[in-house]
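# Close look at the chain arrangement
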Amino acid sequence: MSYGEFMNARVRSEERRAEIVRAALEVIAERGYRAASLAAVAERVGLTQQGLLHYFPTKDALLVAVLTERDQWDAVPDTQWRVDLLVSLVEYNAMRPGIIQTFSALLGESVTEGHPARGYFTERYAKVRENMAAVLRAEYGDLLPNGLTPERTAPLLVAVMDGLQYQWLLDPDSVDMPGAFRDFLTLLGEQG
């Protein structure tokens, strides 16, 4: 096999993996992780289950790939976030109901003992709280206008963002996710 043939095969393999991850994301969004099967994902991309196992040897390996892919889509830039820019993140999420639904379903399932995504979400939330505390500290210093520290406020900020996502997913016509988040920011001391 020539170098060019090798590179073409590698690109095709990476494209196929990406297609499988997208299909897994859809199946998980529709059925939840526990009810999603490798066979359903394989069928969606026109493979046998055995063919799918060539790319992802276990369901857990596929789940990790789905979560990693989602994190790449939502990568926070290296520049310092500002509190007012978090509204942009909430608005962006409102344009991606399928991704938010999958994330929320996996998050809900991951609280059970032994779930393969439990460690991922535990680590992710520790980092998110730390990042939000840094954002709040950069904006307000050691105390917010409401008298709380950034570390005490960060879990509340994250809880509001995630809680609004659940409410919006259940009833998008009744919940203005970006508007409600702006309202929460006024409670923190943000102006309009």
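Scroll up for the structure.
Quick caveat: nothing in here was measured; it's all calculated off a predicted structure. (Residues numbered from 1 in each chain as written. Predicted model: local features only at pLDDT ≥ 70, side-chain atom pairs only at ≥ 80, totals over all residues. Heavy atoms only, no water.)

### So, the overall build of the protein chain
Our working rule: Helix and strand assignments come from DSSP, with helices taken as H or I runs of at least 4 residues and strands as E runs of at least 2, each series counted from the N terminus. Contacts are assigned to residue pairs with any non-hydrogen atoms lying within 4.5 Å of each other. In this tally Asp and Glu are treated as negative and Lys and Arg as positive; neither His nor the chain ends contributes. For the purpose of locating charges, the reference atoms are NZ of Lys, CZ of Arg, CG of Asp and CD of Glu.
Secondary structure assignment for the protein chain yields nine helices and zero strands. Secondary structure of the protein chain in N-to-C order comes out as α-α-α-α-α-α-α-α-α. Taking the principal axes of its C-alpha atoms as reference, the protein chain extends roughly 65 × 40 × 30 Å. Contacts in the protein chain between residues at least 24 apart in sequence constitute 62% of all its contacts with a sequence separation of at least 6. The centroid of the 19 positive side-chain charges in the protein chain is displaced by 5 Å from the centroid of its 27 negative side-chain charges.

### Considerations on the pattern of salt bridges
What counts, and what does not: In what follows, salt bridge is the name for a side-chain nitrogen of Lys or Arg lying within 4 Å of a carboxyl oxygen of Asp or Glu. Accessible area is worked out with a 1.4 Å probe on protein chains only. A residue is then buried under 20% of its type maximum, exposed over 50%, and partly exposed in between.
Taken as a whole, this structure holds seven salt bridges when the rule is applied. The shortest N-O distance in the salt bridge between Arg 44 and Glu 30 comes to 2.8 Å. On the criterion of sequence distance, the pair formed by Arg 44 in helix α2 (residues 38-44) and Glu 30 in helix α1 (residues 3-31) is long-range, its members being 14 residues apart. The exposure class of Arg 44 is partly exposed, given its relative accessible area of 36%.

### Re the packing of α1 against helix α6 (residues 97-110)
When two helices pack together, their arrangement is given by the angle between their axes and by how far apart the axes lie. Which entries qualify depends on this criterion: As a rule, the C-alpha atoms of each element are fitted with a line to give its axis, helices using only the stretch in contact, and angles between N-to-C directions run from 0 to 180 degrees. In this scheme the handedness of a crossing depends on how the near helix is turned from the far one: anticlockwise by less than a right angle means left-handed, clockwise means right-handed. Classification used: nonpolar for Ala, Val, Leu, Ile, Met, Phe, Trp, Tyr, Cys and Pro, charged for Asp, Glu, Lys and Arg, polar for all others including Gly.
Interaxial distance between α1 and α6 falls to 8 Å at its minimum, and their mutual angle equals 65 degrees. For the crossing formed where α1 meets α6, the hand is left-handed. For the pair formed by α1 and α6, the contact residues are Leu 25, Ile 28 and Ala 29 on the first element and Gly 98, Ile 99, Gln 101, Thr 102 and Leu 106 on the second. For the contact of α1 with α6, the class distribution of residues is five nonpolar, three polar and no charged.

### Regarding helix α5 (residues 86-94)
Quick reminder of the rule: Within this analysis, the arc is defined by the directions that extend from the helix axis to the C-beta atoms.
Those residues of α5 that sit buried are Leu 86, Val 87, Val 90 and Asn 93. Take α5 and look down its axis: the buried residues cluster within an arc of 120 degrees, on one side only. Buried positions along α5 lie against α6, α7 (118-140), α8 (150-170) and α9 (177-188).

### Remarks on the side chain of Asp 162
Following the sequence through the fold, Asp 162 ends up in helix α8. Summary of buried charges: Asp 162 has no salt-bridge partner, and the nearest side chain of opposite charge, Arg 124, is 5.5 Å away.

### Some words on the side chain of Arg 96
Where we set the bar: Whenever a nitrogen or oxygen atom comes within 3.5 Å of another N or O atom, the pair is scored as a polar contact, on the condition that within protein one atom can donate a hydrogen and the other can accept it, and that pairs from neighbouring residues in sequence are kept only if both atoms are in side chains.
The topology assignment puts Arg 96 in the loop between α5 and α6. Relative accessible area serves as the criterion here: at 10%, Arg 96 is assigned to the buried category. Here Asn 93 takes part through its side chain, which lies 2.8 Å from a polar atom of the side chain of Arg 96.

### A look at the environment of Glu 109
When you line up the elements, Glu 109 lands in helix α6. What makes Glu 109 buried here is its relative accessible area of 19%. Sequence-wise, Glu 109 and Thr 48 are 61 residues apart; in three dimensions their C-alpha atoms are separated by 27 Å. Dropping the residues within four chain positions of it, Glu 109 is found in contact with Gly 32, Tyr 33, Arg 34 and His 115.

### Brief notes about the packing of α8 against α9
Rules: Note on angle classes: values under 35 degrees are labelled roughly parallel, values over 145 roughly antiparallel, values of 65 to 115 roughly perpendicular, and the remainder oblique.
One way to put it is that α8 packs onto α9 with a least axis distance of 10 Å and a crossing angle of 160 degrees. Between α8 and α9, the angle falls in the class roughly antiparallel. Like other packed secondary-structure pairs, α8 and α9 cross with a definite hand, here right-handed. Facing Thr 153, Leu 156, Leu 157, Val 160, Met 161, Leu 164, Gln 165 and Trp 168 of α8, the residues of α9 in contact are Met 177, Ala 180, Phe 181, Phe 184 and Leu 188. Here the residues of the contact of α8 with α9 sort into 11 nonpolar, two polar and no charged.

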